[in-house]
Amino acid sequence: MNAAPADQIRLLDVQDLDVRLQQLAHKRRSLPEHAEIESLTKDLTQLRDLLVAAQTEESDTAREQTKAEQDVDQVRQRAARDQQRLDSGAVTSSKDLENLQREIVSLAKRQGDLEDVVLEIMERREAAQERAAELTERVGSVQGRIDDATARRDAAFEKLDGEIASATKEREVIAATVPEDLLKLYDKLRAQQGGVGAAKLYQRSCQGCRQELAVTDINDIRKAAPDTVVRCENCRRILVRTSESGL
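The model shown is predicted, which means the values in this text are computed figures rather than measured ones.

S.K.: Would you mind going over the overall build of the protein in detail, with residue names and values included?
M.R.: A tally of regular secondary structure across the protein gives 5 helices and 5 strands. Ordered by position in the sequence, the α and β elements of the protein form the string α-α-α-α-β-β-β-α-β-β. The globule rule puts the C-alpha radius of gyration for 247 residues at 18 Å, and the 42 Å found for the protein is more than 25% above it. Overall, the protein is about 135 × 35 × 25 Å in size when its C-alpha atoms are taken along their principal axes. Across the 247 residues of the protein, 31% fall into the buried class. For the protein, restricting intrachain contacts to residue pairs at least 6 apart in sequence, the fraction spanning at least 24 positions comes to 75%. Put simply, the protein shows about 15,100 Å² of open surface, and 49% of that area lies on carbon and sulfur atoms. Here the protein carries 39 positive and 47 negative side-chain charges, and the mean point of each set is 7 Å from the other.

S.K.: Can you lay out the pairing of strand 1 (residues 198-202) for me, pointing to particular residues and giving the numbers?
M.R.: Pairing of strand 1 with strand 5 (residues 238-241), which is carried by 4 bridges, proceeds in the parallel orientation. If you follow K200 over to strand 5, its bridge partner there is V240. Summarising the sheet, strand 1 and strand 2 (residues 205-206) pair through 2 bridges and their orientation is antiparallel. Within strand 2, the position partnered with L201 by the bridge is C206. Hairpin connection from strand 1 to strand 2: 2 residues lie between these consecutive antiparallel strands, with Q203 at a positive phi of about 50°.

S.K.: Describe in detail the layout of surface pockets, supporting the description with residues and values.
M.R.: The computed volume of the largest pocket comes to approximately 170 Å³. Put simply, the parts of the chain that give the lining of the largest pocket at least two residues each are helix 1 (5-29) and strand 1. Residue contributions to the lining of the largest pocket peak at 4 residues, all from helix 1. Of the residues belonging to the lining of the largest pocket, the class tally is 5 nonpolar, 3 polar and 3 charged.

S.K.: Describe in detail the side chain of D18, supporting the description with residues and values.
M.R.: Mapped onto the secondary structure, D18 falls in helix 1. Relative accessible area serves as the criterion here: at 4%, D18 is assigned to the buried category. If sequence neighbours within four positions are ignored, D18 has contacts with R171, Y186 and R190.

Scoring rules and cut-offs
Residues numbered from 1 in each chain as written. Predicted model: local features only at pLDDT ≥ 70, side-chain atom pairs only at ≥ 80, totals over all residues. Heavy atoms only, no water. Helix = DSSP H or I, 4+ residues; strand = E, 2+ residues; numbered from the N terminus. Rg over C-alpha atoms; globule rule 2.2 N^0.38 Å. Buried < 20%, exposed > 50% of the residue type's maximum accessible area, 1.4 Å probe, protein only. Contact = heavy atoms within 4.5 Å. Areas by Shrake-Rupley, 256 points an atom, 1.4 Å probe, with all protein chains shown as cover. Lys, Arg positive; Asp, Glu negative; His and termini not counted. Charge placed at Lys NZ, Arg CZ, Asp CG, Glu CD. Pairing = 2+ DSSP bridges. 1 Å grid on protein atoms, 1.4 Å probe; cavity = no way out; pocket = protein on both sides within 12 Å on 5 of 7 lines; lining within 4 Å. Points joined across faces, edges and corners; volume = space filled by probe spheres on them. Nonpolar A, V, L, I, M, F, W, Y, C, P; charged D, E, K, R; others polar.

Everything listed here is a matter of coordinates, which is why it stays silent on function.
Given below as structure tokens:
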């Protein structure tokens with residue numbers, strides 16, 4: 001394949017821009033905010049799960065407290081009715097009086113036990129409320145950090161996307177001046193060689209594979225016409241000759 005030396009030089013400009021675009025794409029993928037957002041999102045998910053559990057516990061204990069308070073109220077009302085009967089003098093039989101007094105004592109004990117249950121439930125409910133309040137605050141804090149990291153990531157995206165768009169446009173302009181067959185070969189080699197399809201021959205070394213060429217290869221390149229597209233014998237990339245090639 002033949003191509004004017006100036007076209008081969010422009011191919012190096014295309015290569016430089018392709019490397020730049022690779023670097024920008026890698027930088028975009030590797031922004032520290034990505035890992036930060038991922039880690040914080042995991043924390044947020046765990047905190048939200050804990051918050052739901054705390055809110056569920058608070059809701060359950062609220063119903064449990066209501067039921068226990070109803071039980072206390074029922075016992076209290078029954079004890080009040082018994083006491084009212086006792087105080088009214090309507091019960092005259094000594095046996096009935098004894099039974100009524102015994103029941104009032106039993107109800108008082110039952111009421112005390114139930115009130116203790118209510119207090120225990122109230123303590124559990126209060127603990128659940130405090131836990132839910134703490135977790136709500138932590139969820140808000142982590143969400144705020146996620147929002148901050150997202151804003152920083154988006155700002156970095158905007159800047160990098162601008163640089164990518166600029167480099168892409170510049171590549172299109174320069175690539176349009178390179179012969180189609182040369183550019184096609186370059187793109188094929190670039191896909192095969194990790195993003196580098198053309199390299200400068202510098203001081204008898206290929207800047208693609210960083211290896212010095214054999215004397216026979218250098219002699220062959222030295223003899224080749226200026227418009228001959230030469231390839232590195234080591235990596236097969238296009239070798240572009242310049243005044244720094246050491247030929």
